[in-house]
Amino acid sequence: MALKDYKDIIHRCFRCGYCKFTSDYSYLGFNCPVYNKVRLESYSPGGMMWLIYAALIKEELKPSKHLSEILYSCTMCRNCSQQCKFQFNEDIVNILKAAREEMVEKQLTPPMVGQFLTNVYDYGNPYREQKQNRDNWAENTEIKQYEKGDEFLYYVGCVGSYDTVSQKAARALGSVLLKSDLSFGILGNREICDGNEVDMLGEKGLFEFLKEENTQTFKELGVKKIVTLSPHSYNALKNNYSNEFEVFHYTQLLRDLIKSNKLDVSGGFKAKVTYHDPCFLGRYNNEYDAPREILTAIPGIELIEMERTKENSFCCGGGCGNFYTDILGSGQNSPSRVRVREAHDTGASILAVSCPVCLMMLEDALKAEGLENELAIKDISEIVNEALL
Amino acid sequence: MDIYSSLVDIVGEDFVSNQEEELYIYSRDSGAQQPRKADYVVVPKTVEDVQQIVKLANKEKVPITPMGGGLTLSGLAVPINGGIVLDMKRMDRIIEVNEKSRYAVLEAGVTQGALHSHLEKNYSHLEHSMPDAPPMATIVGNVVIQGHGHLSVSCGINSQMVNGMEVVLPTGEVCKLGSCAVSPYWFSRDPLPDIMGLFIGWFGTTGIITKVSLQLFPKPKFRDLLTFASDDLDLLPDFIFDITQLNLMDNLFIISQEWPPWAQGILYVPIISAQDEEEFELKIKLHKKLLRKYEGKITLVEGKHAEKMRAARLPVPPVTLGVMAADAKQGGGFEYTGGIVPIEKVPEVSSRSVEIAHKYGQPYLLGYQLLTGGHSMMCGLAYCLNRADGEDVEKVRKALDETSKMILDVGGVLWKAEAPAQSLMMQRMDPNTVKLMKRVMKALDPNAIMNPGNWSD
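Reading the values: rules and limits
Residues numbered from 1 in each chain as written. Chains lettered and ligands numbered in written order. Predicted model: local features only at pLDDT ≥ 70, side-chain atom pairs only at ≥ 80, totals over all residues. Heavy atoms only, no water. Helix = DSSP H or I, 4+ residues; strand = E, 2+ residues; numbered from the N terminus. Rg over C-alpha atoms; globule rule 2.2 N^0.38 Å. Buried < 20%, exposed > 50% of the residue type's maximum accessible area, 1.4 Å probe, protein only. Contact = heavy atoms within 4.5 Å. Areas by Shrake-Rupley, 256 points an atom, 1.4 Å probe, with all protein chains shown as cover. Lys, Arg positive; Asp, Glu negative; His and termini not counted. Charge placed at Lys NZ, Arg CZ, Asp CG, Glu CD. Pairing = 2+ DSSP bridges. Salt bridge = Lys/Arg side-chain N within 4 Å of Asp/Glu carboxyl O. Domains from an automatic or database assignment. Buried area = accessible area lost by both parts, 1.4 Å probe. Polar contact = N/O pair within 3.5 Å; in protein donor to acceptor, adjacent residues only side chain to side chain. Nonpolar A, V, L, I, M, F, W, Y, C, P; charged D, E, K, R; others polar. Core = buried A, V, L, I, M, F, W, Y, C linked by side-chain atoms within 4.5 Å. Expected span 1.5 Å × (residues − 1).

When its secondary structure is counted, chain A shows 17 helices and eight strands. In terms of overall size, chain A behaves like a compact globule, its C-alpha atoms giving a radius of gyration of 20 Å where 389 residues would be expected to give roughly 21 Å. Residue burial in chain A is summarised as follows: out of 389 residues, 67% are buried. Long-range contacts, defined as pairs at least 24 residues apart, comprise 77% of the intrachain contacts of chain A with a sequence gap of at least 6. With the model as given, the accessible surface of chain A reaches about 13900 Å², and the carbon-plus-sulfur share is 43%. Both charge centroids of chain A, one from 44 positive and one from 54 negative side chains, sit 3 Å from each other.

What follows is about the pairing of strand β15 (residues 266-274) of chain B. All names here are of chain B. Of all nine residues making up β15, nine are buried, and the element is well covered by its neighbours. Of the two faces of β15, the one holding I266, Y268, P270, I272 and A274 and the one holding L267, V269, I271 and S273 are both buried throughout. One ladder, built from five bridges, connects strand β14 (residues 251-257) with β15; its direction is antiparallel. Directly across from L252, in β15, lies its bridge partner P270.

As a further point, take the pattern of salt bridges. Per the stated rule, a full pass over the model turns up 47 salt bridges over all chains. Residue K20(A) pairs with E41(A) through a salt bridge whose shortest N-O separation is 2.9 Å. Here E41(A) lies in the loop between α1 (33-38) and α2 (45-57) and K20(A) lies in the segment before α1, a separation of 21 residues in the sequence. Note that R189(B) and D194(B) form a salt bridge whose closest N and O atoms lie 3.2 Å from each other. The exposure class of D194(B) is partly exposed, given its relative accessible area of 44%. Beyond isolated ion pairs, a larger network of salt bridges with shared partners links K345(B), E348(B), R352(B), D409(B) and R428(B).

Our focus in this paragraph is the domain arrangement of chain B. Note: interface size is frequently given as the accessible area lost on complex formation between the parts. Residue and element names in this part refer to chain B. Partitioning chain B into structural domains gives domain 1 (3-88), domain 2 (90-218) and domain 3 (222-415). Once you take the C-alpha centre of each, domain 1 and domain 2 turn out to be 22 Å apart. Summed over both partners, the interface of domain 1 with domain 2 buries about 1700 Å², with 69% contributed by carbon and sulfur atoms. Sorting the residues of domain 1 by area buried against domain 2 places K45, V47 and M88 first, and these three jointly supply 33% of that buried surface. Linking domain 1 with domain 2 are one salt bridge. Salt-bridge contacts for K45 lead to D92; the nearest nitrogen and oxygen are separated by 3.3 Å. At the junction of domain 1 with domain 2, the criterion picks out seven residue pairs in polar contact (both at pLDDT 80 or more). Elements supplying a minimum of two residues to the side of domain 1 that touches domain 2: α3 (47-60), β3 (64-67) and β4 (84-87). Considering each element in turn, the side of domain 1 that touches domain 2 owes the most residues, six residues, to α3. Split by residue class, the side of domain 1 that touches domain 2 holds 13 nonpolar, six polar and three charged.

This part covers the nonpolar core. Counting residues in hydrophobic clusters, the biggest one holds 280 residues, and the most contacted among them are I52(A), Y154(A), F218(A), L254(A), I64(B), M165(B) and M377(B). For this core, the element with the highest residue contribution is α2(A), accounting for nine residues. Setting aside its immediate chain neighbours within four residues, I64(B) contacts I53(B), V54(B), A57(B), I84(B), L86(B), I208(B), I449(B), M450(B) and N451(B). Within the second largest apolar cluster, eleven residues are counted, among which are L225(B), I255(B), L267(B) and L314(B).

All names here are of chain A. Here helix α5 (residues 91-105) contains 15 residues, and its C-alpha end-to-end distance of 21 Å stays within 8% of the 21 Å for a straight helix at 1.5 Å per residue. Within the sequence span of α5, burial applies to D91, I92, V93, I95, L96, K97, A98, A99, R100, E101, M103 and V104. Contact partners of the buried residues in α5: α2, α3 (65-72), α4 (79-83), α9 (196-200) and α10 (204-220). Looking one or two residues beyond α5, the residue adopting positive phi is Q107, at roughly 55 degrees.

A few words now on the domain arrangement of chain A. All names here are of chain A. Domain boundaries assigned for chain A yield domain 1 (3-109), domain 2 (130-256) and domain 3 (264-387). Taking the mean C-alpha position of each, domain 2 and domain 3 sit 21 Å from one another. Facing 30 residues of domain 2, the contacting portion of domain 3 comprises 28 residues. Applying the counting criterion to the domain 2 and domain 3 interface returns one salt bridge. A salt bridge links R255 to E293, with the nearest nitrogen and oxygen atoms 3.4 Å apart. Of all elements in the fold, only α7 (158-162), α8 (164-179), α9, α11 (231-240) and α12 (250-259) reach the threshold of two or more residues within the side of domain 2 that touches domain 3. A per-element tally of the side of domain 2 that touches domain 3 places α8 first, with nine residues.

And the structure:
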């Protein structure tokens, strides 16, 4: 929906502030990652609603670069929608997305956002990497290209394909799938960005283009079922593409394979593990159980929850392209560093994730916190791969 | 060096803004008052930051408006004469909880939600008196405005629960008040000259509270509410007297609102708690027994309406009723006149409030809370407003003004009054009291930099 379609809703926000908390008002800090770092009311969800109304509906303020910085600092983690007590809570992130569409139209996006979008348009990924290098991560593995008749398309996404930290997860999941009896393949150089972040950043036209291109490729290859490495891809393909494809996040698939004894994890993994819920798997798609069911099925794992967990999980700060645009910035109170400290406080030796964006963000934060000798970040795909007999 | 650069020198670039977007947000709240423009927004982290900002403001003769949650709805944290808005919420440490003497020492930015959560997690047998406001409201903000909490009947109002405080004076010195002034412990306000009163109820015109010690209370194991309904307003003072003579309640709400229809009469909602089941059941029984005297005139509400009331009023912190009522007009605005009145005046306040609301085309929305064991009643005479509709906001502003005058006419005083309503009180105040207030303000704040325009006639 366009921003004008929300004009009778935007001003209903009272800036009462429930949106900044967890459901139990955790004293660890505010659960809005942007407000928790910036601490100016203008950067809270309510502040953003009021500014959107003032600048883009009522025209009391001139849309500016600073407004754009504020609106694009949000990772769209959806904590605000989860915690807001009002009937319009579901619209908060949609309103922000619609406001970003206006900023794109007015050519007021921050430079790094512009660069992100241009790179996706030109290269099919935000990193400005060559398309032919997209499947370099799969070199020296037995992971093959998708062929007609394969049961699953393994959709890797931009971060798993190009980011060196996240490529470990891409390879680990590939390895796990190879050890199962499933027939699957990747798109290789035919894969392009799923568009989840592009959509959230307000570049509607580019998102539609990516959606059409990907959909056409899927159809040409006869794809019926897709398993994604990234919850971001899962969200886009499941909720914003046509419903012709059955889409799974990999934790859902692995959980089912383990339950049906098609994957044998009895090799075990001896560690205290805490698990970080990715926003696009948890709050966007209500999948909190599959990753935990995998972890608890692996002998040797003691699962310890962080204080902020499931629907109260604290975002890593990487959503909506922030992993690239870095508008939220670094520093001690950057969301990923806050989250790593919280994981460390549990006494776990492993912080498990199920998202390549979270993996890279938290890995960087671990180094910044100097906790590499006390805590390791691992994707669940890596843990399963190590536990397979 | 200009003011902006000096502020950056004190707190760092990330925590100062003079950009239009921040100024817009800090220049208004969700109430009906006119926006008033701030010039700078500053977010300090330490008491030293606050001291330096105050010294700079004195040097430059720039006003400072301290802000907690910014949820007074009456514009008390919106600067009247521009200058610096000092957002205190980054000073957010819970410094100490003294379990045995039952107090918590907190920085000024600690929210109601954060303290509630900290106690739940670490001292689940203790609680603080939680106001009806959203959990983003700060403890210190609530103290400054003399707010009320869910223990207002049994333990008093929240500003009475302060054992001690640290204050940055308008001239930049830091003072400790209460037992902490002479001892390492923040356990008592008495027996010392009660200087803390110089900073409570003054809306930041006399200094900036940077720490408080707040009393904690035993958290009950059993807690419930009863809902009594009546259509007879004239019975109210006698019934309040009788129910408070029992001296068994934590809190008492009285609700009368146009929507939903079942709440149009008078609903009495006593909150009752106990540590022991037998004691709890006896308290419930005694409250129900009281109805015999009012047979047919005040009745016990049971069934779905009682459950709705339970869902709305029982949680600590409250989550539903206030919030949903505020959205009745779907307009993102809400303000109320908080009239604190003698109990025998409540019927008159109620009937006149309904008349005023209807005169301005507003539904009536009355929510009362009994204070301090039954010595006075806070009458929240609320109006929802549509921020998108200037005419509606103006109507509500007029209704609030008329309601404030009515409260003063019946002999009440105004709680956390907006600046125009403060002036109304000053005009009726004993002239020597006005002079005394001015002398106090002048003595503490010679350059009149602290939230000027408040407590002004």
